[in-house]
Protein chains: 2
Amino acid sequence: VADHGTVTVLESLTVPIVQAPMAGGVSTPALAAAVSEAGGLGFLAAGYLTVEALRDQIRAVRRLTGRPFGVNLFVPGDPAADQEALARYRDRLEAEAALYGAELGKAMADDDGWAGKLAVVREARVPVVSFTFGCPSPATIANLKRFVSTVVVTVTSAAEARLATEAGADVLCVQGFEAGGHRGTFTNTARIDDLGLLPLLRRVCAVTGLPLIAAGGLARGRDVAAVLVAGAAAAQLGTVFVACPESGANPLYKAALTNPVFPGTAVTRAFSGRAARGLVNRFVLDHSEGAPVAYPHVHHMTKALRAAAARAGDAEAMSLWAGQGHVFAREIPAGELTRALAADARSALVEALRRHPG
Amino acid sequence: VADHGTVTVLESLTVPIVQAPMAGGVSTPALAAAVSEAGGLGFLAAGYLTVEALRDQIRAVRRLTGRPFGVNLFVPGDPAADQEALARYRDRLEAEAALYGAELGKAMADDDGWAGKLAVVREARVPVVSFTFGCPSPATIANLKRFVSTVVVTVTSAAEARLATEAGADVLCVQGFEAGGHRGTFTNTARIDDLGLLPLLRRVCAVTGLPLIAAGGLARGRDVAAVLVAGAAAAQLGTVFVACPESGANPLYKAALTNPVFPGTAVTRAFSGRAARGLVNRFVLDHSEGAPVAYPHVHHMTKALRAAAARAGDAEAMSLWAGQGHVFAREIPAGELTRALAADARSALVEALRRHPG
């Protein structure tokens, strides 16, 4: 059993940088290990992996680094979905699938291998386990803490921060509206809160004393410094790591991040049935309005279609998850990026204090 | 003629705090003077005032302080409006007006006394003149700079920042999506960009070297410190100043800012025909969808209705402009608030550097 008191893994990091877990093949053992080796906290994304693949990835990270790293798990939500809305959406996507010579997948609910993956992270005594899409029960968290050092829960509102604190989380990952990929909102049906990261941090700080990881639209060292000053213990960045050579992202996806043909990002349920921020491509424009609140049903429905679009070299029907800092993504090795972010953050703090000596 | 080189008024401030200009009676000479006396930059809002009232307010500020202050002007936009959509909106609001015993006003365009107000700020040699809703021509800015020390243009995107820099602005006010009140977007028809303040600052820093004032959802000293670290020369706060005793805000409006019956804020054209962020009340819920893109037509149409709602003591049909930090507004004298924000910002910088010594 791991020995841990009130000190979290965050305090053992030499740089306050967390690499966001990015499911769907973007997070890799090489990416996580590079960030952890640089003194930050690398993350594997358990979401959509098989239990076996997760076990393999954890072993692979450990072959590459002895430093702490994390694994992110999706918390299963309400499997109910509006079947009529799903059927309408399937009808709508048939032409889209035909265009890429793909078949739409079965729109089904699953729990993403919840029990099996929890067992894997326990057995492997993964240093940090984080959760997205909900908060595990106090019993689940208490049990997990017998095996792992730090439990992180992703929150998007002060109310969720209070719930996660009461459930026994060690650290909260505070996800602002600017963040790329899926919103971590506990329920899929909740109104999508549009709080920017700074106002959200302020509200979360008012309801919890837990250490916070700040996420959402951060791209440069100055952004990292800004959230540290705003009260976070570390900054989490995802989109800028998508472009790293260690990331598993499709080259089309990497290139799209800085391609000016994509006018910006939007939050959409079009690809997965759950709100997520990505680059605005044709698929987002055409299907966001009709997309039902049905996760992971729609994810399964569109998976083969998205893969076919990627094979066809067409980014217009791929899910190009991206936060609002996407224009700053560059192909830099992840360790180098981590060190540069930390050094620039430090410089920004020193410089601000010099300009505002009080 | 004022003597000014590349040094802006921002550099003469002893605290990096700007009080946002808030039109409609919230900004007062007493509020602006209190902030300026505390070492920050107070602002009068020329919008909706008569030329004479603006002249009087400038004199009143000068009786109260010898420190620099600013005046904000609305830049006139395209006066065209969809008359059919306006007529439909008027029909829709008739019942609402009857409810409060008010008459809907004439939906007309005007230029808010543009030439007269420009003449007033020139004659009075107001230290800082800022603009919202557009960028004046290079000739207008060049002429103005013969009389005033610093010209500020409000921007909501990198493209607008580039235009304002090329037009000769001395300083940009960078307004994030979190900000309360009207979005400063140059044209009313533009897609409303949802960039949070930190990603927006990062993009603006990439296209201009001008000093920046950062605005949007800032409420506490830590937020001020965050934007200073992120690259701003000063932080602008509006909503927290609404609650000050020196503000001219209706007491119902002040109380609403922290009233939990209002679930949050939203961007709406319902009150004025131009996008603005305010507390979500009944009027916002009922009329945001039908509201036409027609400014200042809708402002004039709803003015008496909003005033009648205020007289009736009903905040549900008042325009309760608020940024995402509204829950932190407290009734504190403006000078005290300004000093506390600056002291807390400084502490946050020192504390962050202590926690992250590099």
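One can find the structure itself at the top, above this paragraph.
The rules behind these values
- Residues numbered from 1 in each chain as written.
- Chains lettered and ligands numbered in written order.
- Predicted model: local features only at pLDDT ≥ 70, side-chain atom pairs only at ≥ 80, totals over all residues.
- Heavy atoms only, no water.
- Helix = DSSP H or I, 4+ residues; strand = E, 2+ residues; numbered from the N terminus.
- Rg over C-alpha atoms; globule rule 2.2 N^0.38 Å.
- Buried < 20%, exposed > 50% of the residue type's maximum accessible area, 1.4 Å probe, protein only.
- Contact = heavy atoms within 4.5 Å.
- Least-squares fit on C-alpha atoms with pLDDT ≥ 70 in both.
- Salt bridge = Lys/Arg side-chain N within 4 Å of Asp/Glu carboxyl O.
- Axes fitted to C-alpha atoms, helices over the stretch in contact; angles between N-to-C directions.
- Parallel < 35°, antiparallel > 145°, perpendicular 65-115°, else oblique.
- Left-handed = near helix turned anticlockwise from the far one by under 90°.
- Nonpolar A, V, L, I, M, F, W, Y, C, P; charged D, E, K, R; others polar.
- Pairing = 2+ DSSP bridges.
- Right-handed = clockwise from strand over helix to strand, strands pointing away.
- Disulfide = S-S within 2.5 Å.
- Buried area = accessible area lost by both parts, 1.4 Å probe.
- Polar contact = N/O pair within 3.5 Å; in protein donor to acceptor, adjacent residues only side chain to side chain.

A.B. asks: In this structure, what is going on with the overall build of chain A? I would like to understand it.
C.D. replies: Within chain A, the regular secondary structure consists of 13 helices and 11 strands. A globule of 358 residues ought to have a C-alpha radius of gyration of about 21 Å, and chain A, at 19 Å, matches this closely. Here chain A holds 358 residues, and 61% of them are scored as buried. Taking as baseline every contact in chain A between residues at least 6 positions apart, the subset at least 24 positions apart corresponds to 69%.

A.B. asks: When you look at the relation of the copies chain B and chain A in this model, what are you seeing that I'm missing?
C.D. replies: The two chain copies are related to each other by a rotation about an axis together with a translation along it. Note on the copies: chain B fits chain A at an RMSD of 0.0 Å, the axial shift is 0.0 Å, and the rotation between them is 180°. Such values leave the two copies arranged in the relation of a two-fold axis. Within chain B, Ala226(B) has its C-alpha nearest the rotation axis, a separation of 2.1 Å. Here 100% of the interface residues in chain B have copies in chain A that are interface residues too; the copies meet face to matching face.

A.B. asks: Just checking my understanding: could you explain the pattern of salt bridges for this structure?
C.D. replies: Pairs can form between side chains of opposite charge once their charged atoms are near each other. In the structure shown here, the tally under the stated rule is 20 salt bridges over all chains. The salt bridge involving Asp194(B) is made with Arg277(A); its shortest N-O contact spans 3.4 Å. Of this pair, Asp194(B) sits in the loop between β7 (181–182) and α7 (197–207) while Arg277(A) sits in strand β11 (residues 276–279), which puts the two residues in different chains. Considered together, Asp194(B) and Arg277(A) belong to a single accessibility category, that of buried residues. Among the salt bridges present, the one from Glu96(B) reaches Arg282(B), with a minimum N-O distance of 2.5 Å. With Glu96(B) in helix α3 (residues 83–99) and Arg282(B) in helix α11 (residues 282–287), this residue pair connects regions lying 186 residues apart in the sequence. Taken together, the salt bridges that share partners define one network made up of Glu96(A), Arg282(A) and Asp286(A).

A.B. asks: How should I be thinking about the packing of helix α2 (residues 51–64) of chain A against helix α4 (residues 114–123) of chain A in this particular structure?
C.D. replies: Between two packed helices, what matters for the description is the angle formed by their axes and the separation of those axes. All names here are of chain A. The N-to-C vectors of α2 and α4 enclose an angle of 20°; their axes lie 9 Å apart at closest approach. Accordingly, the angle class assigned to the pair α2 and α4 is roughly parallel. Considering only the axes of α2 and α4, their crossing is right-handed. Mapping the contact onto sequence places Val51, Leu54, Arg55 and Ile58 in α2 and Gly116, Lys117, Val120 and Glu123 in α4. Classifying every residue of the contact of α2 with α4 gives four nonpolar, one polar and three charged.

A.B. asks: What is the right way to look at the sheet that holds strand β3 (residues 69–74) of chain A in this model?
C.D. replies: As a general point, the strands of a sheet are linked pairwise by backbone hydrogen bonds and lie either parallel or antiparallel. Residue and element names in this part refer to chain A. Reading across the sheet, the eight strands line up as β1-β9-β8-β6-β5-β4-β3-β2 and stay open at both edges, with parallel pairing between neighbours. The strands lining the two open edges of the sheet, one partner per strand, are β1 (17–19) and β2 (42–45). Direction aside, the axes of adjacent strands within the sheet are offset by 25° on average. Here strand β8 (residues 212–215) pairs with strand β9 (residues 234–237) via three bridges, running parallel. Its bridge partner lying in β9, Ala214 is registered against Ala235. Taken strand by strand, helix α8 (residues 221–229) contacts β1, β8 and β9, and its axis lies near 135° from that of β9.

A.B. asks: Before we go on, may I ask you to explain the pairing of strand β6 (residues 171–175) of chain A in this structure?
C.D. replies: The side chains of a regular strand alternate, first on one face of the sheet and then on the other. Residues and elements named next belong to chain A. Buried residues dominate β6, accounting for five of its five residues. Side chains Val171, Cys173 and Gln175 of β6 all project onto a buried face; the interleaved residues Leu172 and Val174 project onto the opposite face, where all are buried too. By the bridge criterion, four bridges tie strand β5 (residues 150–155) to β6 in an arrangement that is parallel. Each bridged residue has a counterpart across the sheet, and for Val152 the counterpart in β6 is Val171. You can see the chain leave β5, run along helix α6 (residues 158–167) and come back into β6, and the turn it takes is right-handed. Pairing between β6 and β8: four bridges, direction parallel. Of the residues in β8, the one forming a bridge with Cys173 is Ile213.

A.B. asks: Please explain the state of the cysteines as it appears in this structure.
C.D. replies: When the sulfur atoms of two cysteines share a covalent bond, that bond is a disulfide. Residue and element names in this part refer to chain B. According to the stated counting rule, one finds zero disulfides over all chains in the structure shown. Cys173 provides the cysteine sulfur closest to Cys135, a residue in no disulfide bond, and the two sulfurs are 13 Å apart. Judged by its relative accessible area of 23%, Cys135 falls in the partly exposed class.

A.B. asks: Help me out: how do you make sense of the interface of chain B and chain A in this one?
C.D. replies: When the parts of a complex come together, some accessible area is lost, and that lost area is often taken as the interface size. Facing 43 residues of chain B, the contacting portion of chain A comprises 43 residues. Interface area for chain B against chain A, summed over the two sides, is near 3500 Å², with a carbon-plus-sulfur share of 60%. Our count for the chain B to chain A interface comes out at four salt bridges. Put simply, chain B and chain A have 16 residue pairs in polar contact (both at pLDDT 80 or more) between them. Where the side of chain B that touches chain A is concerned, the elements lending two or more residues are α7, α8 (221–229) and α13 (334–355) of chain B.

A.B. asks: How do you make sense of the packing of helix α1 (residues 29–37) of chain B against helix α2 (residues 51–64) of chain B when you look at a structure like this?
C.D. replies: Residue and element names in this part refer to chain B. Remark: α1 packs on α2, axes separated minimally by 9 Å, with the N-to-C direction vectors making an angle of 40°. With respect to α2, the axis of α1 lies oblique. Classified by chirality, the crossing of α2 by α1 is right-handed. Contacts between α1 and α2 involve Pro29, Ala30, Ala32, Ala33 and Glu37 from the first element and Gln57, Ala60, Val61 and Leu64 from the second.

A.B. asks: Before we go on, may I ask you to explain the sheet that holds strand β10 (residues 265–268) of chain A in this structure?
C.D. replies: Pairing in this open sheet of three strands is antiparallel, and the strands run β7-β11-β10 (chain A) from one edge to the other. Single-partner strands in this sheet number two, and they are β7 (181–182) and β10 of chain A.

A.B. asks: Whenever I open this one, the pairing of strand β3 (residues 69–74) of chain B confuses me. Can you help?
C.D. replies: All names here are of chain B. The buried fraction of β3 amounts to six of the six residues, a majority that puts the element mostly inside the structure. Residues Phe69, Val71 and Leu73 point to one face of β3 and Gly70, Asn72 and Phe74 to the other, with burial holding for every one of them. Sheet topology places strand β2 (residues 42–45) next to β3; four bridges connect them, and they run parallel. Looking at the pairing, Leu44 lines up with Val71 of β3. Bridge count between β3 and strand β4 (residues 128–132): five bridges; the pairing is parallel.

A.B. asks: Explain unusual backbone geometry to me, please; I cannot follow it from the model alone.
C.D. replies: For residues other than glycine, phi is negative in most cases, and the peptide bonds are mostly trans. Cis geometry is found at the peptide bond from Tyr295(A) to Pro296(A), where omega equals 5°. Along the chain, Pro296(A) turns up in the loop between α11 (282–287) and α12 (297–311). Notably, Asp112(A) is not glycine yet its phi reads approximately 55°, a positive angle. Here Asp112(A) lies in the loop between α3 (83–99) and α4. In this structure, Phe133(B) takes a positive phi of about 80° despite not being glycine. Considering the arrangement of structural elements, one finds Phe133(B) in the loop between β4 and α5 (138–144).

A.B. asks: I'm lost on the side chain of Thr268(A) in this one. Help?
C.D. replies: Residue and element names in this part refer to chain A. Its location among the elements puts Thr268 in strand β10. Thr268 sits in the buried class, given a relative accessible area of 4%. A distance of 2.9 Å separates the side chain of Thr268 from the backbone nitrogen of Ala270, its partner in a polar contact. Not counting the four nearest positions on each side in its chain, Thr268 is found in contact with Arg274, Ala275, Ala276, Val284, Ser288 and Trp321.

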